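# A closer look at the structure
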Amino acid sequence: MCETNYNENMNFSKLKNMYIFRIKLKNITPIHVGGNSEDSVTSKNPIMRVSENGNPFIPGSTLKGLMRSASERLAHLFFDREPCYLDGDKACAPHKNVKIEEKIKEIEQKEDRKISEEKIYNLYYDELCPICRTYGGGSIASKVKFEHIVFPANTLTNIREGIQIDRDTGTVKGNRFYTYEYILPNYEFEMVITAENMTEENLKVLALALAQLQGNQIRIGGMLARGLGQIEFISGTVKIYDFSKKENKNAIIQTLLGKDTPTENKTLTEFLEKVL
């Protein structure tokens, strides 16, 4: 099902496949995802809330960031190339631009003409690390999208007091009292991930993070050193849609008309066992 041609891997104009992950989780300790202090009169460190109705929520960008970091932690076990971490000397060439521009000029001088977009796509893809090929970065689009997690309106929150300690002296650092808001434990919520045009490499990168999520090794939000953000995996499912085969046309049309007919249904465990 997974395409391997470099140009196809970078081409988002043609939908080849789609994976929809639905993962049920529960916070077993409080969660704090910091919001705008100007919007709160109760704490200098409030949680994020939907502006329209005030419901607590966790942005998709936060979820994507923690899952990307989880993939980076184990990438060395499966790929020869280290993650680029987006900056510094190890950054992928597309984030620096210099190396790619030099290659383009070199090819154009040799061939005495402008090179095609297809070749430019291939040059970019060659220089990307597996993490950036999956999660994107800079001018490179991401293949995975994370929906916001929005908690119900009746979600209970609380305010906790804290104090900053001077690491050198072990004493209170001046008048460093502060407060922060958090979501109380034992709320169930769902993480929804949509992945498109995934290659075997892309699937493996994402699976590295999903496996850690299933193993309760990922925390969400801030104040982690204070024990916040611990989550528990409850269940996970994967719907797989294969748009690359003409024989799947009728099922695809039914899906587009609102009658969900995935090519395959798997549990998250089944998916991980196949991919890793």
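Report on the accompanying structure.

Procedures and definitions
Residues numbered from 1 in each chain as written. Predicted model: local features only at pLDDT ≥ 70, side-chain atom pairs only at ≥ 80, totals over all residues. Heavy atoms only, no water. Phe/Tyr/Trp six-rings, centres within 6.5 Å; stacked < 30°, edge-to-face > 60°. Buried < 20%, exposed > 50% of the residue type's maximum accessible area, 1.4 Å probe, protein only. Lys NZ or Arg CZ within 6 Å of the ring centre and 35° of its normal. Pairing = 2+ DSSP bridges. Helix = DSSP H or I, 4+ residues; strand = E, 2+ residues; numbered from the N terminus. Axes fitted to C-alpha atoms, helices over the stretch in contact; angles between N-to-C directions. Contact = heavy atoms within 4.5 Å. Parallel < 35°, antiparallel > 145°, perpendicular 65-115°, else oblique. Left-handed = near helix turned anticlockwise from the far one by under 90°. Salt bridge = Lys/Arg side-chain N within 4 Å of Asp/Glu carboxyl O. Polar contact = N/O pair within 3.5 Å; in protein donor to acceptor, adjacent residues only side chain to side chain.

## Overview of the packing of aromatic side chains
Under the definition given, this model contains six aromatic pairs. Considering the side-chain rings of Y19 and F21, the 6.4 Å spacing of their centres and the 15° angle between planes classify their relative orientation as stacked. F21 sits in the buried class, given a relative accessible area of 0%. Their ring planes at 10° and their centres at 6.3 Å tell us that Y241 and F243 sit as a pair that is stacked. Across the pair, exposure class does not vary: Y241 and F243 are buried alike. Through successive ring pairs, a cluster of aromatic residues spans Y19, F21 and F271. A cation sits over an aromatic face here: R160 above Y182, 4.7 Å from the ring centre.

## Some thoughts on the sheet that holds strand 3 (residues 144–146)
The strand order across the open sheet built from five strands is 3-7-1-8-9, with neighbouring strands paired in antiparallel fashion. Only two strands of the sheet have a single partner each, and these edge strands are strand 3 and strand 9 (264–267). Between one strand and the next, the sheet's axes are offset by a mean angle of 20°, whatever the strand orientation. Strand direction decides the pairing type here: strand 8 (residues 231–242) and strand 9, joined by four bridges, are antiparallel. Within strand 9, the position partnered with I240 by the bridge is E264. The strands touched by helix 2 (residues 60–74) are strand 3 and strand 7 (188–196); relative to strand 3, the strand with the most contacts, the crossing angle is about 130°.

## Observations regarding unusual backbone geometry
Its identity is not glycine, yet N186 carries a phi of approximately 75°, on the positive side. Mapped onto the elements, N186 comes out in the loop between strand 6 (172–183) and strand 7. Judged by its relative accessible area of 54%, N186 is exposed.

## Some points on the packing of helix 7 (residues 200–214) against helix 9 (residues 268–275)
The N-to-C vectors of helix 7 and helix 9 enclose an angle of 135°; their axes lie 10 Å apart at closest approach. Taken together, the axis directions place helix 7 and helix 9 in an arrangement best described as oblique. Here helix 7 runs over helix 9; the crossing is left-handed. Residues L203, K204, A207, L210, A211 and Q214 of helix 7 touch helix 9, and the partners they reach there are L268, T269, F271, L272 and V275.

## Some points on the pattern of salt bridges
Scanning the model with the defined rule gives nine salt bridges in all. The salt bridge involving R22 is made with E190; its shortest N-O contact spans 3.0 Å. Of the two residues, R22 is situated in strand 1 (residues 17–27) and E190 in strand 7; the sequence distance between them amounts to 168 residues. By relative accessible area, R22 is classed as partly exposed at 38%. Residue classification places E190 among the partly exposed residues on the basis of a relative accessible area of 30%.

## Digging into the side chain of E201
Its place among the elements puts E201 in helix 7. Of the polar contacts made by the side chain of E201, one reaches the side chain of R133; its length is 3.2 Å.

## Topic: the environment of C132
Relative to the helices and strands, C132 is located in helix 6 (residues 130–135). For the pair formed by C132 and C84, sequence separation is 48 residues and the distance between their alpha carbons is 7.8 Å.

## Observations concerning the pairing of strand 7
Two strands pair when backbone bridges link them, and strand 1 and strand 7 are joined in this way by nine bridges, in the antiparallel orientation. Considered in strand 7, the bridge of R22 is made with V192. With three bridges connecting them, strand 3 and strand 7 associate as antiparallel partners. If you follow V144 over to strand 7, its bridge partner there is A195.

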